[in-house]
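# Report on the structure
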Amino acid sequence: MLLADFGTTYCKILDTRRDSSPRIVATRDLDRSFRADLATGHNAAHRSLRSINELTALARGGLRLVDRPHFVLLDCGSRDIKFVRIEDGRVTDMGWNAECGASMGFTIELLSTYYQLDYAAIPAPATGFSVTCGVLGMSHIFDAVVSGISEAEAVARFVRGIALNAHRFAHEPDELFLSGGLCANPLFVASFPCRIHPLGRFVLLEGLLATLDQE
């Protein structure tokens, strides 16, 4: 069974017949003829025989990975943010925002390349910019650099602002489980004002596996 999470920037693919672990392919490099048996994510309906909603995949993946009856799971992608709240093993709340989370993950990755920054070497700042959109929020960085703040500090404040905005979107829980590629970004993880449990970037694939288990 060929499973895929078609992300805007990266696709996560698992062939259950051959692979022991998923592989990551840049979306721009994925062959146009590629089709999955079961998929979720951007363009999943057009690139698979069967697809499920990303929030459904997120919830099922979280329930498969998190051994707790109550938790909040936040997925931070290249293009948007979404969360699910689980209580007594059931989804009680969820949200999906492509406006306040617009191009969030993509922008953070772009900034590290442009300014040649290592996010593992930058400590989380005490304050962050007021950021409600990844793209529009970049103006804060340019203004800060012009005022004399270092590029690393300006980007760090931007990243913290992004994390604070994502935390508010998930209704400010004291503890969060985190999904997505930004789990591997130490600065982003450290910028949240709550306890964070990174689950990695394959949570939605786990949701697809859980879907197969239910059939």
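Not measured: the values here are computed from a predicted model.

## Thoughts on the pairing of strand 7 (residues 81–87)
Within strand 7, five of the seven residues are buried, leaving the element largely enclosed by the surrounding structure. One ladder, built from six bridges, connects strand 6 (residues 71–76) with strand 7; its direction is antiparallel. Each residue of the ladder has a partner; that of D75, found in strand 7, is K82. Linking two consecutive strands that pair antiparallel, namely strand 6 and strand 7, is a turn of four residues. Pairing of strand 7 with strand 8 (residues 90–97) involves seven bridges; the strand directions are antiparallel. By the bridge assignment, R85 is partnered in strand 8 with D93. Here strand 7 folds back onto strand 8, and the loop between the two strands holds two residues, one of which, D88, carries a positive phi near 55°.

## Considering the sheet that holds strand 10 (residues 195–200)
Across the sheet, which stays open at both edges, the five strands sit in the order 8-7-6-9-10 with mixed pairing between neighbours. The open sheet terminates on both sides in strands that have one partner only, identified here as strand 8 and strand 10. Looking at each pair of strands side by side, their axes are set apart by 20° on average, direction ignored. When strand 9 (residues 175–179) meets strand 10, the two strands line up parallel, connected through five bridges. Bridge pairing in strand 10 links E175 to R195. Sheet strands in contact with helix 1 (residues 54–65) are strand 6, strand 7, strand 8 and strand 9, and its direction is about 50° off that of strand 7.

## Overview of the side chain of R160
Along the polypeptide, R160 turns up in helix 4 (residues 151–169). At 9.2 Å, E153 is the nearest oppositely charged side chain to R160, a buried residue that forms no salt bridge. Apart from the residues within four sequence positions on either side, R160 is in contact with P125, A126, T127, G128, A190 and S191.

## So, the packing of aromatic side chains
In the structure shown here, the tally under the stated rule is five aromatic pairs. Pairing F6 with F34 gives two aromatic rings, centres 6.1 Å apart and planes at 75°, and the pair type is edge-to-face. One end of the pair, F6, is in strand 1 (residues 2–6); the other, F34, is in the loop between strand 3 (23–26) and strand 4 (36–41), and 28 residues separate them in sequence. For F6, a relative accessible area of 3% gives the class buried. With a centroid separation of 4.9 Å and an interplanar angle of 85°, the aromatic rings of Y114 and Y115 are classed as edge-to-face. Owing to a relative accessible area of 64%, Y114 belongs among the exposed residues under this scheme.

## Some words on the nonpolar core
Judged by nonpolar contacts, the single largest core of 37 residues is most densely connected at L74, C76, I108, F158, L178, F188 and F192. Contributing elements (two or more residues each) for this core: strand 6, strand 7, helix 2 (104–115), helix 3 (138–146), helix 4, strand 9 and helix 5 (186–190). Among the elements that line this core, the one with the most residues is helix 4, at nine residues. Within the second largest apolar cluster, 19 residues are counted, among which are A57, I86, F177 and L209.

What counts and how
- Residues numbered from 1 in each chain as written.
- Predicted model: local features only at pLDDT ≥ 70, side-chain atom pairs only at ≥ 80, totals over all residues.
- Heavy atoms only, no water.
- Buried < 20%, exposed > 50% of the residue type's maximum accessible area, 1.4 Å probe, protein only.
- Helix = DSSP H or I, 4+ residues; strand = E, 2+ residues; numbered from the N terminus.
- Pairing = 2+ DSSP bridges.
- Axes fitted to C-alpha atoms, helices over the stretch in contact; angles between N-to-C directions.
- Contact = heavy atoms within 4.5 Å.
- Lys, Arg positive; Asp, Glu negative; His and termini not counted.
- Salt bridge = Lys/Arg side-chain N within 4 Å of Asp/Glu carboxyl O.
- Phe/Tyr/Trp six-rings, centres within 6.5 Å; stacked < 30°, edge-to-face > 60°.
- Core = buried A, V, L, I, M, F, W, Y, C linked by side-chain atoms within 4.5 Å.

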